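Fold and contact review
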Amino acid sequence: MMRYIGKEEIEKMAIGAALLGTGGGGDPFIGKLMALQAIEKYGPVKLLSADELDDEALVVPSAMMGAPTVMVEKVPSGNESIAAFNALEEYLGRKITATMPIEAGGVNSLLPFALAARVGLPVVDADGMGRAFPELQMVTYYLDGINASPMVLADEKDNSIVLNAVDGVWTEKIARAATMTMGGSLMNAIYPMSGKQARESSIIGSLSFEEKLGDIIMTSKQPIDDLVEATNGYILFEGKIRDVERATDGGFVRGKAVFEGMNQNKSSECTLEFQNENLICLVDGQPKCLTPDLITVLDAETGMPITTEGLKFGMRVVILGMPCDPKWRTDKGIETVGPGYFGYDFEYQTIEALNQ
Amino acid sequence: MRYKLGIDVGGTNTDGVILDSDMNVLTAFKHPTTDDIETGIAGAVEALLKKSGLDKSLIDHGMLGTTQCTNAIVTRKSLNDVGVIRIGAPAGTAIEPIYSMPDDLKAIIGQHIYQVRGGHEFNGELIAELDEAHLEDIARELKGKVNSIAISSIFSPVNKAHETRAKEIIEAVVGEDVAFSLSSEIGSISLLERENATVLNAAIIDVAKRTTEGFEKALKQHGVDCEVYFCQNDGTLMSKEYTLKYPILTVACGPTNSLRGASFLSSHDNAIIADIGGTTTDIGVLNNGFPRESSLSVELGGVQTNFRMPDIYSLALGGGTIITLEGENFKIGPDSVGYRLPEKAKVFGGDTLTVTDIAVAKGVLSLGDAEKVNDLDTELVDRIYDEIINMIEVAIERMKTSDKEVPVVLVGGGSTLIEGDIEGASEVINPENSGVANAIGSAISDISGEVEKIYNIDPARRSEILDEIKQFAIDEAVNAGADKDRTEIISFEDIPLAYLPGNATRIKVKAAGPLKED
């Protein structure tokens, strides 16, 4: 049901967003501060549940594009996303009814709140991934044939581009090149869709879910047990980090971490493969969780999620595996975001099947 | 023979030493830190001189490592009136300058905040032309209202032109009595954290001034006429002039001094140091005699910053840590009786079971009245003691970068609590004189020079250019007082900047050498 989101809810969502970021997604810190300042100035934001959307509503996700490392230095002006929405409305000749995040993980899950507070739009309690992924076509809308175009890219200098690309590959190519020219980090308005499409093709309830996960980490006495229950997840491994290898390759941080077992995993070994996000978890060489199912490394004491950049030798961690949304578990879904797409030689199997 | 006098003011104790030029400890002094730190420093100087009976004219150098700047930030006291200027609009306006700082701090140093058009992109291009007219207006507004100004510009680590120009414009109006802190001289990429660090630096300029002048005065009063130096948190010294510009660099010099002092006392340049106190155990890593820097953003007085800090892991375990018994089970800490150990611990007739009591019951330590802990179950004592050792082992392992065994040096008042092997340690060293490791660390420090800049390097002349840059750093150190013949490069980083045209490389070189003898 419709409710209002204030500063306290944003604080919790930021922690949940880091967890669903599965090691990547960009630090939610900037998104959190932008949302907090906008709510402080313009008041709380209306959060709609997806079933409250009219079929004919015009729903447009808002997201940042480019390098998170640029965004932490060149913080947005806050006008970029408004300019992108204005340009899209003008192009479509219609008013936008609501906005939402494109991904539930990382910095992008909170940015729509900064926009919504300023322009008075509601945010839909949903997203297009249920986690974080690195490329524009890695969304449930793509699986259902919804076009990313027309999309708008806007920078803080008041430049904006309305883009009509023929498919996802061209969208990605043109948008990346424009992002570099416009300063490395900008905001988009993307995947415009009807209320009906948003309701049917989104992952529902993601923002409330983030808030719940954040609340567990902030308040629970046994955060890890409670997270397992809340996510229908599995503790894949408990151990300490023995080795981390990282390499930067075309804007991606690729690498792997090796963990030495403790407690019930004593004398076992775990390998975690990541490319910005955690993608593959093997225990003693056997797969325990494969993308698109979610893998997050948690601090063993506090339950706080640790990013791939934060992994350091000697840390005590618990690796949490969580089932992805069923929308990803289709042939097209696995083709788009399964182990094969990221170059791993594994057939996708569900986390439930791998942990019987 | 010539001498040096070193003092370290920590949160709990003020330590002092006089060393001769062969680095032998002539006199040592230790006293609880007083509320009035300046009087405490004067007292330490007096006590050291009296105890040593030294001819004062033989002292060439005085070094002070102090926690006063850190205290000012944490307690929010004696802070400057700061003008906060961010250059980069239209970018950046979605998050106001110092927005993430705690409210009580913002109420003090967040009264004059401005955002000005200008700044650079990641590739060095302009976001916007610098709005010089706006800066002139701001300067007129700030004149007479603030005595310290912090300027941060977007991507100034890549191009600092707008920060430098803004300073010129404002200084022409407000005059030279106002201090300036430029973000490009203080932190690295990540605007909000760098800006926070720059504003904190601007806020403690007056405290630094009082501290440096107080030390000079204390020495002069006791007839010592020598060069004074101040400890920074990388284990080297800075001149008074430099300290007044970058007081934030003194933050956390205490743990650094303790690491360096421990290294000197144990004759190990590469080791893990555990400083076991009453409330915490602080663990750091020495690489070639200098502390490893933290790679993550650090919190200081509730503020996220990204300036250079030693990588210290603080474990809530010390001699005064309270043990709670629940039937068969027990809990160690995190609370501690702290400085009240001599009245609270069981072995001293108190009512609180502490880590010290367990060490006495275990037979590791002979202190107070061992009979007072006779009633404890031996098996339980063993389990608790094993857990204490395990906590320290886990913390030490956190600080390692590989599973190779390294020497572990134990210092601090609580170092006697530990006996036997530590897992992951090639050897465990418990050096003499470890109680004044901090003051020794301050007195043995070298003086450094640093160059950090973005250079366009022609590949054909690469090694020639790098040699030139290294010489700049050495010259800086020598100009600051280092001995020319013994100054060398202690760290060198060159990071290619992928998106910049040409062969742009960010180079950071630091040179250090012992102080020149007169």
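Residues numbered from 1 in each chain as written. Chains lettered and ligands numbered in written order. Predicted model: local features only at pLDDT ≥ 70, side-chain atom pairs only at ≥ 80, totals over all residues.

**Remarks on the overall build of chain B**
- When its secondary structure is counted, chain B shows 14 helices and 23 strands.
- Relative to a compact globule of 518 residues, whose C-alpha radius of gyration would be 24 Å, chain B shows 25 Å and is just as compact.
- The 518 residues of chain B split such that 49% are buried.
- Partitioning the contacts of chain B with sequence separation of at least 6, the portion at a separation of at least 24 is 67%. (Helix = DSSP H or I, 4+ residues; strand = E, 2+ residues; numbered from the N terminus. Rg over C-alpha atoms; globule rule 2.2 N^0.38 Å. Buried ≥ 20, exposed ≤ 12 C-beta atoms within 10 Å, placed from the backbone. Contact = placed C-beta atoms within 7 Å.)

**Side note on the UniProt feature "domain: Hydantoinase/oxoprolinase N-terminal" (unreviewed entry) in chain B**
- Residues annotated by UniProt as "domain: Hydantoinase/oxoprolinase N-terminal" (unreviewed entry) correspond here to residues 5-173 of chain B.
- Spanning residues 5-173 of chain B, this segment combines 33% helix with 29% strand, and its end C-alpha atoms are found 42 Å apart. (UniProt positions renumbered as here; feature names shortened; annotations may be inferred.)

**Things to note about the interface of chain A and chain B**
- In this complex, chain A contributes 21 residues to the contact, which on the side of chain B involves 24 residues.
- For the side of chain A that touches chain B, a count of residues per class yields nine nonpolar, seven polar and five charged. (Nonpolar A, V, L, I, M, F, W, Y, C, P; charged D, E, K, R; others polar.)

**Overview of the domain arrangement of chain B**
- Examined at the domain level, chain B breaks down into domain 1 (1-74 + 205-251), domain 2 (80-203), domain 3 (315-436) and domain 4 (445-513).
- Taking only C-alpha atoms into account, the centre of domain 2 of chain B sits 47 Å from that of domain 3 of chain B. (Domains from an automatic or database assignment.)

**Topic: the domain arrangement of chain A**
Residues and elements named next belong to chain A.
- Domain boundaries in chain A define domain 1 (3-206) and domain 2 (225-354).
- A C-alpha centroid distance of 26 Å is found between domain 1 and domain 2.
- Counting from both sides, the interface comprises 19 residues of domain 1 and, opposite them, 20 residues of domain 2.
- Breaking the side of domain 1 that touches domain 2 down by element, the ones donating at least two residues are helix 1 (7-20) and helix 6 (140-143).
- By residue class, the composition of the side of domain 1 that touches domain 2 is 11 nonpolar, seven polar and one charged.

**Here we look at the sheet that holds strand 8 (residues 179-182) of chain B**
Residues and elements named next belong to chain B.
- Pairing within the open sheet is parallel, and its four strands lie in the order 6-5-7-8. Of all strands in the sheet, those bounded by a partner on one side alone are strand 6 (112-117) and strand 8. Taken pair by pair, the neighbouring strands of this sheet meet at an average axis angle of 20°, ignoring direction.
- Summarising the sheet, strand 7 (residues 148-153) and strand 8 pair through four bridges and their orientation is parallel. When the sheet's bridge partners are listed, Ser148 is paired in strand 8 with Ala179.
- Taken strand by strand, helix 6 (residues 191-203) contacts strand 5 (82-89), strand 7 and strand 8, and its axis lies near 165° from that of strand 7. (Pairing = 2+ DSSP bridges. Axes fitted to C-alpha atoms, helices over the stretch in contact; angles between N-to-C directions.)

**Details of the packing of helix 9 (residues 206-219) of chain A against helix 10 (residues 223-231) of chain A**
Residue and element names in this part refer to chain A.
- For the pair helix 9 and helix 10, interaxial distance at closest approach is 9 Å and the crossing angle is 160°. When the axis of helix 9 is compared with that of helix 10, the two are roughly antiparallel. Here helix 9 and helix 10 pass one another in a crossing that is right-handed. Along its contact with helix 9, which presents Lys212, Leu213, Ile216 and Ile217, the element helix 10 presents Pro223, Asp226, Leu227 and Ala230. (Parallel < 35°, antiparallel > 145°, perpendicular 65-115°, else oblique. Left-handed = near helix turned anticlockwise from the far one by under 90°.)

**What to know about helix 9 of chain A**
- The end-to-end C-alpha distance of helix 9 of chain A, which contains 14 residues, comes to 20 Å, matching closely the 20 Å that a straight helix rising 1.5 Å per residue would cover.
- Buried positions along helix 9 of chain A lie against helix 1, strand 2 (45-48), strand 6 (126-127), strand 11 (203-204) and helix 10 of chain A. (Expected span 1.5 Å × (residues − 1).)

**Overview of the nonpolar core**
- Core analysis: the biggest nonpolar cluster contains 259 residues, and A:Phe113, A:Ile319, B:Ile149 and B:Ile204 have the highest contact counts within it.
- If we ignore the near neighbours within four places in the chain, the residues touching A:Ile319 are A:Leu236, A:Phe237, A:Cys270, A:Leu272, A:Cys281, A:Ile295 and A:Val297. (Core = buried A, V, L, I, M, F, W, Y, C linked by C-beta atoms within 7 Å.)

**A short note on unusual backbone geometry**
- In the segment running from A:Ser149 into A:Pro150, the intervening peptide bond is cis, with an omega of -5°.
- Phi at B:Asn288 takes a positive value of approximately 50°, unusual for a residue other than glycine.
- With respect to the secondary-structure elements, B:Asn288 resides in the loop between strand 12 (281-287) and strand 13 (290-291).
- Note on B:Asn288: 9 C-beta atoms within 10 Å, which makes it exposed.

**Comments concerning helix 9 (residues 253-266) of chain B**
Residues and elements named next belong to chain B.
- Counted at 1.5 Å a residue, the expected span for helix 9 with its 14 residues is 20 Å, and the 20 Å between its end C-alpha atoms agrees.
- Counting buried positions along helix 9 yields 14 of 14 residues, so the element is predominantly enclosed.
- One or two residues past the end of helix 9 sits Ser267, with phi positive at roughly 55°.

**Observations concerning the pairing of strand 18 (residues 329-336) of chain B**
All names here are of chain B.
- Here strand 17 (residues 321-326) runs beside strand 18; their pairing, made up of five bridges, is antiparallel. The partner of Thr321 across the bridge, within strand 18, is Ser336.
- Hairpin connection, strand 17 to strand 18: the antiparallel pair is bridged by two residues, and Gly327 has positive phi, about 65°.

**Considering the confidence of the model for chain B**
- Per-residue confidence for chain B averages 89 on the pLDDT scale, and 97% of its residues sit at or above 70.
- This prediction of the complex comes with two scores: 0.88 for pTM and 0.90 for ipTM. (pLDDT = per-residue confidence, 0-100.)

**Here we look at the environment of B:Gln68**
Residue and element names in this part refer to chain B.
- Here Gln68 shows up in helix 2 (residues 68-75).
- Judged by the 21 C-beta atoms lying within 10 Å of it, Gln68 is buried.
- When residues no more than four places from it in sequence are discounted, the contact partners of Gln68 are Val9, Ile37, Val207 and Thr211.

**Focus on the pairing of strand 11 (residues 271-276) of chain B**
Residue and element names in this part refer to chain B.
- Of all the six residues making up strand 11, six are buried; the element is thus mostly covered by neighbouring parts of the structure.
- On strand 11, burial covers both faces: Ala271, Ile273 and Asp275 on one face and Ile272, Ala274 and Ile276 on the other are all buried.
- Two strands pair when backbone bridges link them, and strand 11 and strand 12 are joined in this way by six bridges, in the antiparallel orientation. Looking at strand 12, one finds that Ala274 is bridged to Ile283.
- The antiparallel pairing of strand 11 with strand 12 creates a hairpin that spans four residues between the two strands.
- Direction of pairing for strand 11 relative to strand 19 (residues 406-411): parallel, over a ladder of four bridges. Residue Ala274 lies in a different strand from strand 19, and its bridge partner there is Leu410.

**Notes on the packing of helix 1 (residues 37-52) of chain B against helix 7 (residues 205-221) of chain B**
All names here are of chain B.
- Orientation of helix 1 relative to helix 7, taken along the N-to-C sense of each, is 35°, at an axis distance of 9 Å. Between helix 1 and helix 7 the crossing geometry is right-handed. Contacts between helix 1 and helix 7 pair Glu38, Ile41, Ala42 and Val45 from the former with Gly214, Phe215, Ala218, Leu219 and Gln221 from the latter.

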